[in-house]
Amino acid sequence: MEKQIYSPQPDGYFYRCEIYHEALLTYGQYLEKTSGEKVFYGPDDSTNYHALDWYKNGSLSFAEKEWPKFISRLRDNIKLSCGMSLQKEENGRQYIYHLGTVLGLKGTFLLRSRIFIQHSSIIEMDEAKFMTDMTRYGRWENR
């Protein structure tokens, strides 16, 4: 007779969102942002401080149980953080491009945001039963 495997059931589902913000900065601006100090370099320095690249400019995450509330909250967050924006695909990824500020730097910068959405469930489980089942797997009984 085969023993029953412990199988907890989902307690509820929710939608989770992560929004990653990046800023188009020169390498010098990136160093200034991370160190908090203006970057000074000499004539013998071969580093290209004017090279542009995308650097992380923060992130935001939240969760909601109901899809309509989730979408409403997502739109509100995009409206607040992005304002006037343009959606565009780059290298197979979808971004929202907009203008905004970068903490630690003066001025307005080109920013882009990427949205990740997950549909997950919460599972309440009996840890002792689960661990007992885990130690039972892989055993060669009846050998």
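Residues numbered from 1 in each chain as written. Predicted model: local features only at pLDDT ≥ 70, side-chain atom pairs only at ≥ 80, totals over all residues. Heavy atoms only, no water.

1. Some points on the pattern of salt bridges
Here comes step 1: Throughout the structure, instances matching the rule amount to five salt bridges.
Here comes step 2: A salt bridge links Arg-16 to Glu-18; the nearest nitrogen and oxygen atoms lie 2.6 Å apart.
Here comes step 3: Of the charged contacts, one joins Glu-32 and Lys-38 as a salt bridge, the two residues approaching to 3.8 Å between their closest N and O atoms.
Here comes step 4: For Lys-38, a relative accessible area of 55% corresponds to the exposed category.
Here comes step 5: It is possible to trace a salt-bridge network through shared partners that takes in Glu-22, Glu-90 and Arg-112. (Salt bridge = Lys/Arg side-chain N within 4 Å of Asp/Glu carboxyl O. Buried < 20%, exposed > 50% of the residue type's maximum accessible area, 1.4 Å probe, protein only.)

2. Digging into the packing of aromatic side chains
Here comes step 1: The final tally for this structure, using the stated rule, is 10 aromatic pairs.
Here comes step 2: On the numbers, 5.7 Å between centres and 40 degrees between planes, the contact of Tyr-15 with Phe-70 is tilted. With Tyr-15 in strand β1 (residues 10-26) and Phe-70 in helix α2 (residues 67-82), this residue pair connects regions lying 55 residues apart in the sequence. Both residues of the pair, Tyr-15 and Phe-70, belong to the buried class.
Here comes step 3: Where Tyr-20 meets Phe-116, the ring centres are 5.3 Å apart and the plane angle is 80 degrees; that geometry is what we call edge-to-face. Here Phe-116 lies in strand β5 (residues 109-123) and Tyr-20 lies in strand β1, a separation of 96 residues in the sequence.
Here comes step 4: Judged by relative accessible area, Phe-116 falls into the partly exposed class, the value being 34%.
Here comes step 5: Connected via pairs of aromatic rings, a cluster forms that spans Tyr-15, Phe-62, Trp-67 and Phe-70.
Here comes step 6: The lysine or arginine in question, Arg-112, covers the ring of Tyr-95, its NZ or CZ lying 4.1 Å from the ring centre.
Here comes step 7: We note Arg-114 situated over the ring of Tyr-95; from NZ or CZ to the ring centre the distance is 6.0 Å. (Phe/Tyr/Trp six-rings, centres within 6.5 Å; stacked < 30°, edge-to-face > 60°. Helix = DSSP H or I, 4+ residues; strand = E, 2+ residues; numbered from the N terminus. Lys NZ or Arg CZ within 6 Å of the ring centre and 35° of its normal.)

3. Here's the deal with the pairing of β1
Each regular strand displays side chains that alternate between the two surfaces of the sheet.
Here comes step 1: As paired strands, β1 and β5 are joined by 13 bridges and run antiparallel to one another. Looking at β5, one finds that Ala-23 is bridged to Leu-111.
Here comes step 2: Pairing geometry for β1 and strand β2 (residues 52-64), over 11 bridges, is antiparallel. Paired with Glu-18 across the two strands is Ser-61, which belongs to β2. (Pairing = 2+ DSSP bridges.)

4. Considerations on a nonpolar patch on the surface
Here comes step 1: Residues Ile-123, Met-125, Phe-130, Met-131 and Met-134 make up a contiguous nonpolar surface patch of about 440 Å² in total accessible area.
Here comes step 2: Within the secondary structure, Ile-123 is located in strand β5.
Here comes step 3: Judged by relative accessible area, which is 43%, Ile-123 ranks as partly exposed. (Patch = residues over 30% accessible without salt bridge, like charges linked within 9 Å, V, L, I, M, F, W, Y side chains within 5 Å. Areas by Shrake-Rupley, 256 points an atom, 1.4 Å probe, with all protein chains shown as cover.)

5. Some thoughts on the sheet that holds β2
Here comes step 1: Spatially, the five strands line up as an open sheet ordered β2-β1-β5-β4-β3, and their pairing is antiparallel. The open sheet is flanked by β2 and β3 (85-90), the only strands paired with a single partner. In this sheet, adjacent strand axes meet at a mean angle of 30 degrees when their direction is disregarded.
Here comes step 2: Contacts from helix α1 (residues 27-35) reach β1, β2 and β5 within the one sheet, and its direction differs from that of β1 by about 120 degrees. (Axes fitted to C-alpha atoms, helices over the stretch in contact; angles between N-to-C directions. Contact = heavy atoms within 4.5 Å.)

Read these as geometric descriptors, not functional statements.
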